[in-house]
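The residues making up each chain are set out below.
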Amino acid sequence: MRIKAVVFDVGRTLMEYIDMPNSWLDYYAPALHHVREVLNLPVSDEELDKSIEIYRSYSPQVKPREKDFTPEEIFSDVTKDWSCEFNLSDVIEEFFAYMDLKPYIYPDTVPNLKKLREDGYVVCTLTDVATGMPDELHKSYFLELLPYFDMYVSSITCGYRKPSAKGLEIIAEKYNLKPSEIVMIGDEPKDVMTAKRFGCPSVLIDRAGEKPDFGQDYSVSDLNGFYELLKTKLA
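It should be emphasised that the depicted structure is a prediction, and the values quoted were computed from it without experimental measurement.

Q: Which parts of the structure should I look at to understand the environment of V110?
A: Along the chain, the position of V110 falls in helix 5 (residues 109-118). Here the alpha-carbon distance between V110 and S202, two residues 92 residues apart in the chain, equals 21 Å. Dropping the residues within four chain positions of it, V110 is found in contact with E144, L145 and Y148.

Q: I tried to follow the sheet that holds strand 4 (residues 122-127) on my own but got confused; where do I start?
A: Two pairing modes exist for strands in a sheet, parallel and antiparallel, and in both the strands are linked by backbone hydrogen bonds. The strand order across the open sheet formed by six strands is 5-4-1-6-7-8, and the pairing between neighbours is parallel. Only two strands of the sheet have a single partner each, and these edge strands are strand 5 (151-154) and strand 8 (218-220). Averaged over neighbouring strand pairs, the angle between their axes works out to 25 degrees when direction is ignored. Sheet topology places strand 4 next to strand 5; four bridges connect them, and they run parallel. Bridge pairing in strand 5 links T127 to S154.

Q: Explanation requested: the pairing of strand 4 in the structure shown.
A: On any regular strand, side chains alternate: one points to one face of the sheet, the next to the other face. Of all six residues in strand 4, six are buried, a share of seventy percent or more. Direction of pairing for strand 1 (residues 5-8) relative to strand 4: parallel, over a ladder of four bridges. Following the sheet pairing, V6 is matched in strand 4 by V123. Crossover handedness for the path strand 4 to helix 6 (residues 135-140) to strand 5: right-handed.

Q: Quick question: what am I supposed to make of the pairing of strand 6 (residues 182-186) here?
A: Taken across its five residues, strand 6 has five buried, putting it largely inside the fold. Side-chain alternation along strand 6 places I182, M184 and G186 on one buried face and V183 and I185 on a second face that is also buried. Sheet analysis places strand 1 next to strand 6, joined by four bridges and oriented parallel. Among the inter-strand pairings, A5 is bridged to a residue of strand 6, identified as I182. The pairing of strand 6 with strand 7 (residues 202-205) spans three bridges and is parallel. Each residue of the ladder has a partner; that of G186, found in strand 7, is L204. Between strand 6 and its parallel partner strand 7, the chain crosses via helix 9 (residues 189-198), and the hand of that crossover is right-handed.

Q: Hey, could you run me through the pattern of salt bridges in this one?
A: Two side chains carrying opposite charge are able to pair once their charged atoms lie near each other. Considering all chains together, one arrives at 16 salt bridges under this definition. Of the charged contacts, one joins K162 and D9 as a salt bridge, the two residues approaching to 2.9 Å between their closest N and O atoms. Remark: D9 occurs in the loop between strand 1 and strand 2 (15-17) and K162 occurs in the loop between helix 7 (155-158) and helix 8 (166-175); sequence separation between them is 153 residues. Residue K162 is classed as buried on the basis of its relative accessible area, which comes to 5%. A salt bridge links R65 to D68, with the shortest nitrogen-to-oxygen separation between them at 3.0 Å. Classification of R65 as buried rests on a relative accessible area of 16%. In this structure, a network of salt bridges that share partners links the residues D9, K162 and D191.

Q: What should I look at first to understand the packing of helix 2 (residues 45-58) against helix 3 (residues 71-78) in this one?
A: For any two helices packed against each other, the geometry is given by the interaxial angle and the distance between the axes. At their nearest, the axes of helix 2 and helix 3 sit 8 Å apart, and the two run at 145 degrees to each other. When helix 2 is examined against helix 3, the residues S51, I54, Y55 and Y58 are found in contact with a partner set consisting of E73, I74, F75, D77 and V78. Of the residues contributing to the contact of helix 2 with helix 3, the split by class is six nonpolar, one polar and two charged.

Q: Please explain the environment of S83 as it appears in this structure.
A: By the element assignment, S83 lies in the loop between helix 3 and helix 4 (88-99). Considering only alpha carbons, one finds S83 and R197, 114 residues apart in sequence, at a separation of 45 Å. Within polar-contact distance, the side chain of S83 engages the side chain of E47 at 3.1 Å.

Q: How should I be thinking about the nonpolar core in this particular structure?
A: In a soluble, globular protein the nonpolar side chains are often hidden away together inside. Core analysis: the largest hydrophobic core is formed by 59 residues, its most contacted members being V6, F8, F95, I185, F226 and L230. Residues in contact with L230, not counting those within four places in the same chain, are I3, V6, L116, Y121, V183 and A235. Within the second largest apolar cluster, 18 residues are counted, among which are A5, V7, C124 and L126.

Q: Honestly, helix 3 in this entry has me stumped. Any pointers?
A: Three or four residues apart is the spacing at which side chains of an α-helix point the same way, because the helix has 3.6 residues per turn. Those residues of helix 3 that sit buried are P71, I74, F75 and V78. One side of helix 3 carries all its buried residues, which in axial view fall inside an arc of 90 degrees. In this fold, the buried residues of helix 3 make contact with helix 1 (25-38), helix 2, helix 4 and helix 7.

How each quantity is defined
Residues numbered from 1 in each chain as written. Predicted model: local features only at pLDDT ≥ 70, side-chain atom pairs only at ≥ 80, totals over all residues. Heavy atoms only, no water. Helix = DSSP H or I, 4+ residues; strand = E, 2+ residues; numbered from the N terminus. Contact = heavy atoms within 4.5 Å. Pairing = 2+ DSSP bridges. Axes fitted to C-alpha atoms, helices over the stretch in contact; angles between N-to-C directions. Buried < 20%, exposed > 50% of the residue type's maximum accessible area, 1.4 Å probe, protein only. Right-handed = clockwise from strand over helix to strand, strands pointing away. Salt bridge = Lys/Arg side-chain N within 4 Å of Asp/Glu carboxyl O. Nonpolar A, V, L, I, M, F, W, Y, C, P; charged D, E, K, R; others polar. Polar contact = N/O pair within 3.5 Å; in protein donor to acceptor, adjacent residues only side chain to side chain. Core = buried A, V, L, I, M, F, W, Y, C linked by side-chain atoms within 4.5 Å. Arc of directions from axis to C-beta.

Okay, structure coming up:
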């Protein structure tokens, strides 16, 4: 097997958010209440409750979906019943400002991305953006990693969330690669399923040491282990 390209999931593979709750769903209600308060909008409790339910309906945790939507599409729907004037971009900005996300890049990330680039691998991402989050905001949490990617693909840029293989198809087409020449690494079942649908090897990164079996081809505990795997079994 001769791997030519490595495709990384981002969240909990290359970085994480400090003190994140178990579910993004926990943020929706207080974030929308924050928007109403900070922007001083005369939105009733009934209107806000309806908005919260609409937002929840876009969450893949509530209603699994592969098609993705832009922040403008989501927030236009969320705010459609608000009987007042407002700037949609302000609503989006304040919604995510409330979350106050603090990124943490894993110590093994940059050294291994550097080695992969030096070794001549094509290095790409395939990352799902949080529901309603602007792609530029998503990227801002790991700006220091962007120079190491030959191609950045997200659910916003390709229009589909994992386990859709659309993102891998785009990468393969751009670099004229066969599925057997690409390896995908991520931390969730959907990362493994994405690789399986596309027909490329899958690697599960298990930083917590829980040893789950999602049907992955290989498992590693960190990116050092992944690099070693790449140079031995995937060489």
